[in-house]
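# Topology and contacts: notes
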Amino acid sequence: MEVIPAIDLIDGRCVRLYQGDYAQTEVFNDNPVEVARQWVDQGATRLHLVDLDGAKSGKPENWLAIAAIAKAVDIPIEVGGGLRDRARVTDLFSLGVRYAILGTAAIENPELVSDLASEFPGQIIVGIDARDGKVATRGWLETSEVEAIALAQQMEQRGAAAVIYTDIQRDGTLQGPNIAAMRAMAEAVSMPVIASGGVGALRDLLSLLALESQGVTGVIVGRALYTGDVSLKEAVRAVGNGRWQDVPPSLGDSAFA
């Protein structure tokens, strides 16, 4: 299972939110490039970047920071936040970013997912952020009536390479991931599921590792890395760090069933 450090960006700085609330923002570092290099040095094989300003405004706002990180590291980067048309996605790829994460666009313009997945096979990930199983959009400021699992199944049919599933109510809390929700999502789709939200200790990663054979092939870790509750080096040693494209389907829950 791949452990993926998160770098959330507001005004060019590395921050974390609590339960997706912009009013509860904590700045961890003014230099996100420094943070990215730190995670690479500690064993990261992929970075998860979110332009939180862009998620709210609908257009990329932290372009300079994203470009600087892409130039500074030599591992794959996935980026989400404000990607709601083809031009933004192609511009992102021109920076050297490997994966584009579409969230709001998946609901408001699902044809865009189909078109981009066809044009950039294996590079389009759908980000599904949910409250009580319902999809939130526009930087988590609005909650739709769309069921998270139904949206994931639709996006799989449209060619999405993977889904990042975030439980907003767990995000930034360090209270542990919503294992039941992650299991339900993994069982509902055949594409890889990347878990996000709530990881606060190494035991949480081991709990998710038990779902690897069901399709949970990666986990995004944010606040716990910045507070020191989780060591990236220890996490990589504990659960491995195979990229989701390379995870054999036979591996998974045998050790932690």
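On a predicted model such as this, the values are computed, not experimentally measured, just so you know. One numbering rule holds for all chains: residues counted from 1, following each sequence as written. Local features in a predicted model are, by the rule used here, given only for residues with pLDDT of at least 70; side-chain atom pairs are given and counted only at 80 or more, and totals for whole chains, interfaces and linings are based on all residues. Side-chain calculation: all heavy atoms of the structure are included, whereas hydrogens and water are not.

## Regarding the UniProt feature "active site" (unreviewed entry) in the protein
- UniProt positions are given in the numbering used here, feature names are shortened, and annotations may be inferred rather than shown by experiment. Following the UniProt record, one finds the feature "active site" (unreviewed entry) at Asp8 and Asp129.
- For Asp8, the location among the structural elements is in strand E1 (residues 2–10).
- On the accessibility criterion, Asp8 (9% relative accessible area) is buried.
- Contacts are residue-level and defined by heavy atoms, with any inter-residue pair within 4.5 Å sufficient. Beyond its immediate sequence surroundings of up to four residues, Asp8 is in contact with Arg13, Cys14, Val15, Arg16, Val50 and Leu52.
- Looking at the secondary structure, you find Asp129 in strand E7 (residues 124–131).
- For the exposure calls, accessible area comes from a 1.4 Å probe over protein chains only, and a residue counts as buried if that area is under 20% of its type's maximum, exposed if over 50%, partly exposed in between. Of the residues examined, Asp129 reaches a relative accessible area of 18% and is grouped as buried.
- At 3.3 Å, the side chain of Asp129 and the side chain of Thr166 are in polar contact. Numbering goes from the N terminus for both helices and strands, where a helix is a DSSP run of H or I of at least four residues and a strand is a run of E of at least two. Polar contacts here mean pairs of N or O atoms no more than 3.5 Å apart (in protein, one a potential hydrogen donor and the other a potential acceptor; neighbouring residues in sequence count only if both atoms are side-chain atoms).

## So, the side chain of Asn178
- Relative to the helices and strands, Asn178 resides in the loop between strand E10 (162–167) and helix H8 (179–188).
- Within the local environment of Asn178, its side chain forms a polar contact with the backbone nitrogen of Ala181, the two atoms lying 3.0 Å apart.
- Among residues more than four places away in sequence, those in contact with Asn178 are Asp167 and Arg170.

## Thoughts on the pairing of strand E5 (residues 77–80)
- The side-chain alternation of E5 yields two buried faces, one formed by Ile77 and Val79 and the other by Glu78 and Gly80.
- As judged from the four bridges shared by strand E4 (residues 47–51) and E5, these two strands associate in the parallel manner. What sits directly across from Leu49, in E5, is Val79.
- Summarising the sheet, E5 and strand E6 (residues 99–102) pair through three bridges and their orientation is parallel. Note that in E6 the partner of Glu78 across the bridge is Tyr99.
- By definition, the crossover connecting two strands over a helix is right-handed if that path, from the first strand to the second, turns clockwise as seen with the strands pointing away from the viewer. Regarding the hand of the β-α-β motif, the stretch spanning E5, helix H4 (residues 86–94) and E6 is right-handed. Strands qualify as paired when DSSP identifies two bridges or more between them.

## What about the nonpolar core?
- Among buried residues, the Ala, Val, Leu, Ile, Met, Phe, Trp, Tyr and Cys ones that are joined through side-chain atoms within 4.5 Å form a nonpolar core. Counting 69 residues, the largest nonpolar core has Ile7, Trp39, Leu47, Ile69, Leu102, Ile128 and Tyr165 as the members making the most contacts within it.
- Setting aside residues no more than four positions away along its own chain, Tyr165 makes contact with Ile128, Ala130, Ala148, Ala181, Met182, Met185, Val193, Ile194, Ala195 and Ser196.
- Grouped together as the second largest cluster of nonpolar side chains are nine residues, Ile101, Ile125, Ala162 and Ile164 included.

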